[in-house]
Amino acid sequence: MKQRRVAIVGVGYSQVGRNTGLSERHHAAQAAVAALDDAGLKPTDIDGASTWGGDAIDFAHMLGMQPLRWHLNVGISPAFIQPAMHAAMAVADGHADTVMSFRIMMQQPSSAQLSSGKAELGQPSMSDASFMMPYGDFSPTQWAGMLMTRYMHESDATEDHFADFAVAQREYAMKNENALQRSPLSKDDYLSAPFISKPVRLLDCDYPCDSGSAVIFTTEERARDLKKPAVFVETSALAATSDMNFELLPDMAHTAVFQCADNLWASTDITPADVDCAQLYDGFSVITFQWLEALKLCEAGQAGPFVAAGNTRLGGAMPTNTDGGACNVGRRHGANFCIEAVHQLRGESGERQVSDAEVAVWANGFGPFAGAMLLSTR
Amino acid sequence: MDHVSPPKPMSEDLTAPFWEGANQGRLLIQRCQQCGRYIHLPRPVCSNCLSFDLSFEQVSGRATLYSYTITYRAFHPYYVDKVPYVLASVDLIEQPKLRFLTRLVDIAEADLKIGMDLVVDFQELEPGFAVPLFKSNHSHPAAGAS
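In this text the structure is predicted, and so the values were computed from the model without any measurement. (Residues numbered from 1 in each chain as written. Chains lettered and ligands numbered in written order. Predicted model: local features only at pLDDT ≥ 70, side-chain atom pairs only at ≥ 80, totals over all residues.)

## Some remarks on the sheet that holds strand β3 (residues 54–58) of chain B
All names here are of chain B.
And step 1. The three strands lie next to each other as β2-β1-β3, forming an open sheet whose pairing is antiparallel. On the outer flanks of this sheet lie β2 (38–39) and β3, each paired with one strand and no other.
And step 2. Note that strand β1 (residues 28–32) and β3 share five bridges and pair antiparallel. Each bridged residue has a counterpart across the sheet, and for Ile29 the counterpart in β3 is Glu57. (Pairing = 2+ DSSP bridges. Helix = DSSP H or I, 4+ residues; strand = E, 2+ residues; numbered from the N terminus.)

Next comes the structure, spelled out in structure tokens:
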């Protein structure tokens, strides 16, 4: 089958916020309407849907996107990259012409709710929890703590570098009116924030909220006729290197993001030197550090000093997480990085715009699995 | 405070032998009877030789520290009065990267060192439910960080 070049033509968010009281369907509907409006498309133009969170068929039916030629519900996966990549592949292959891809994320119970017994985490579907929970292992924050300990042991990163990172991200968020956290942040604020699972502090974590995000992929030909400049999917890559037990990863300092990055660069003539901005998943800040190294945007083991030297700031060598990152815009599970990359490449990022941005990489996942996508306007 | 039970493992064919061993003070790890590979977490098949002939065997209980985190927030009622505690990923010495999740006990934070020698310490969290935790193995000082 002849592969078609694929473009992103519409992006949108729901009313993102803390415990919004809105349902998953409501977030999906708001995000979908925003993305359709952004693209100048109507629901019947959509003939494919993919999601993590909720059900793609349900959302499409609710929104009048009928009939569908392609659909996909994604389970546990490296965040938004999975429904996004499959949407792009479906369009490239001709299984669908225009696909809407969702990530619907509902805020999880807090530590206070869980420890008071008023709420429980979702029950695991496989038996490995039997070797985790009896030791007091419940939360991704704890896995991140172990990964961060080992990463700091093997690299040059220090807690001071993570403080620099938090400050750099907040500086972008202060330039983003859609960020949930916009007040000034100092390194002392970071260092005095409580540990959740040491070395992970509160400000190393993404910010819990309800969110809906949607992105539309279509062919180059259709993209040329729509109202916004086309942002093309240059290439994308996945990697999975272990099962889902982050706690037992064979190499916590070099997780699947490294294999994924190698796969990405092997699939394109674009090189790390061509990248104008990077949008790198920050569910925990150590994740962004590993992506910076893996994608060869800095030297091996040097993400900490690279951040501390200001390279990820606006005007730096590699502006990174220019919407402020999920620690500031709220947990949109990587969809924010896809959408921010689109905004940057369209020149729509306002005060935080990277000048002449033509190539952006966005990346999701960490630990056992990872995915990345390269976008360009060239 | 009302008695709160610790979180317990589900009782399944693949997990029961391990937890029965723990109650007897024995650390049992699944091992392939064809190629000799230790397997943890327990699986129905050996990833090395694809044999289904697997059984549980006692190991030495010695390990080295691969990584750790000090958990300050409770994510379950049982742990409310137990934070902070040290969750750790350790390598059992029987095989390279025979990675095992556990909790460390009786080690001061300043003494936590990646690569340090550890030894199993079974602790009964409630009657009839023992878990293999790990403590510093003073008789086998660490040879150096791994």
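Read on for the rest.
## Section: the domain arrangement of chain B
All names here are of chain B.
And step 1. By the assigned domains, chain B splits into domain 1 (11–58) and domain 2 (60–146).
And step 2. Computed over C-alpha atoms only, the centres of domain 1 and domain 2 are separated by 20 Å.
And step 3. Domain 1 puts seven residues into the contact, and the matching count from domain 2 is 12 residues.
And step 4. By residue class, the composition of the side of domain 1 that touches domain 2 is four nonpolar, three polar and no charged. (Domains from an automatic or database assignment. Contact = placed C-beta atoms within 7 Å. Nonpolar A, V, L, I, M, F, W, Y, C, P; charged D, E, K, R; others polar.)

## Let's talk about the interface of chain B and chain A
And step 1. Every contact between the two is made by 33 residues of chain B and, on the other side, 32 residues of chain A.
And step 2. Those elements that place two or more of their residues in the side of chain B that touches chain A are β4 (62–71), β5 (85–92) and β6 (98–104) of chain B.
And step 3. At six residues, the largest contribution of residues to the side of chain B that touches chain A is made by β4(B).
And step 4. A class-by-class count of the residues in the side of chain B that touches chain A yields 20 nonpolar, seven polar and six charged.
And step 5. Note: strand β5 (residues 195–198) of chain A against β4(B), two bridges, orientation antiparallel. Across the sheet, the residue bridging to A:Ser197 is B:Thr71, located in β4(B).

## A look at the packing of helix α5 (residues 140–154) of chain A against helix α10 (residues 285–294) of chain A
Residues and elements named next belong to chain A.
And step 1. Orientation of α5 relative to α10, taken along the N-to-C sense of each, is 45°, at an axis distance of 9 Å. Here α5 is positioned oblique relative to α10, judged by the angle of their axes. Remark: the crossing between α5 and α10 carries left-handed chirality. Residues Ala144, Leu147, Met148 and Tyr151 of α5 touch α10, and the partners they reach there are Val286, Phe289 and Gln290. (Axes fitted to C-alpha atoms, helices over the stretch in contact; angles between N-to-C directions. Parallel < 35°, antiparallel > 145°, perpendicular 65-115°, else oblique. Left-handed = near helix turned anticlockwise from the far one by under 90°.)

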